[in-house]
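One-letter residues, chain by chain:
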Amino acid sequence: MPAISLVITSGKGGVGKTTATANIGTALAMLGKRVCVMDLDLGLRNLDIMIGLGNRILYDVVDVVQGRATLHQALVKDTRFEDRLVLLPAAQNADKNVLTPAAVRQIVAALRSEFDYILIDCPAGIEQGFRNALAGADGALVVTTPEISAMSDADRVIGLIEAYKMPIAPRLIVNRVQAAMIAAGTSLDVAAIAHRLALSLLGYVVDDNAIITADNRGEPIVFDTQSPAGTCFRNITDRLVDPHVPLLPLAIKKPGFWQKLFHRG
């Protein structure tokens, strides 16, 4: 079967799109899937760092488009997974208008026969980079956090995605979930966020400081079997592969009498 291509997007920067791309891509490879992760965030290029391949880049997606390298010369293999996980890096120094939707579609078409999944890390905003990323996608994973501003941007992006009429319906990932805030009533729970955005909930990721350490080391958090966030990303990936896998339960402890009394004070 040809690859399923999915864009990971949000509209708003800083909500965890690149971390999600790195971890879902890695978790898919851990399941034995053949995965290509594409970084289309021209000028910034962070996916290679988070996945641990930053020191092995020779060519990038712009080199491919402009004919300075072939597609296979630009692909960087993750040796932890033999040929199952590869990265197509973004260019750090390039005009953001160099890429076009047609060029992205052509690259994705060339990759389809070799992979099971192609994950496209979308740049922030809804301008040219956003249109490029969506052009090569069969579906979208929309990442948001519980903040109102992030949900507002996600809502706008969802409307734009739906206009593309992709064959796979968009799904939602809620990042940086804090069970204590949900229990205290100061944050919407994940089901309420999904209802508000009218999207099917693929999964959520709890707020976990271990993600920062993992990103800095170039070791996706899914490698850490003790990390709550790693468990969340593995559940998201399992549900991506098999929709019958249940959503990971979120343990929410209601505040007790003395906690409520203290909070009122």
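Now for a look at the structure at hand. (Residues numbered from 1 in each chain as written. Predicted model: local features only at pLDDT ≥ 70, side-chain atom pairs only at ≥ 80, totals over all residues. Heavy atoms only, no water.)

**Some thoughts on the packing of helix α5 (residues 101-111) against helix α6 (residues 128-135)**
Between α5 and α6, the least distance of the axes is 8 Å, while the angle of their chain directions is 30°. Judged by the angle between their axes, α5 and α6 are roughly parallel. With respect to the hand of their crossing, α5 and α6 are arranged in right-handed fashion. Note on element contacts: α6 touches α5 through Q128, R131, N132 and A135, opposite P101, V104 and R105. Grouping the constituent residues of the contact of α5 with α6 by class yields 3 nonpolar, 2 polar and 2 charged. (Axes fitted to C-alpha atoms, helices over the stretch in contact; angles between N-to-C directions. Helix = DSSP H or I, 4+ residues; strand = E, 2+ residues; numbered from the N terminus. Parallel < 35°, antiparallel > 145°, perpendicular 65-115°, else oblique. Left-handed = near helix turned anticlockwise from the far one by under 90°. Contact = heavy atoms within 4.5 Å. Nonpolar A, V, L, I, M, F, W, Y, C, P; charged D, E, K, R; others polar.)

**Notes on the pairing of strand β8 (residues 200-206)**
For β8, the tally of buried residues reaches 6 of 7 residues, placing the bulk of the element in the interior. As defined by bridge partners, strand β7 (residues 171-177) adjoins β8 across 5 bridges and the pair is classed as parallel. Along β8, the bridge assignment pairs R171 with S200. (Buried < 20%, exposed > 50% of the residue type's maximum accessible area, 1.4 Å probe, protein only. Pairing = 2+ DSSP bridges.)

**Here we look at the sheet that holds strand β1 (residues 4-9)**
Read from one edge to the other, the open sheet built from 8 strands follows the order β3-β4-β2-β5-β1-β6-β7-β8, with strand pairing classed as mixed. The sheet is open, and its two borders are formed by β3 (76-77) and β8, each paired with just one other strand. Across 4 bridges, strand β6 (residues 139-144) lies against β7 in parallel orientation. Bridge pairing links L141 to R171 in β7. Most of the contacts of helix α1 (residues 17-30) go to strand β5 (residues 117-121), to which it runs at about 165°, and overall it touches β1, β2 (35-39), β4 (85-88), β5, β6 and β7. On the sheet, helix α7 (residues 148-163) packs against β1 and β6 and is oriented at approximately 170° with respect to β6.

**Quick notes on the pattern of salt bridges**
Enumeration according to the criterion identifies 6 salt bridges in this entry. The partner of D78 in a salt bridge is R80, and the shortest N-O contact between them spans 2.7 Å. The class for R80 is partly exposed, based on a relative accessible area of 37%. (Salt bridge = Lys/Arg side-chain N within 4 Å of Asp/Glu carboxyl O.)

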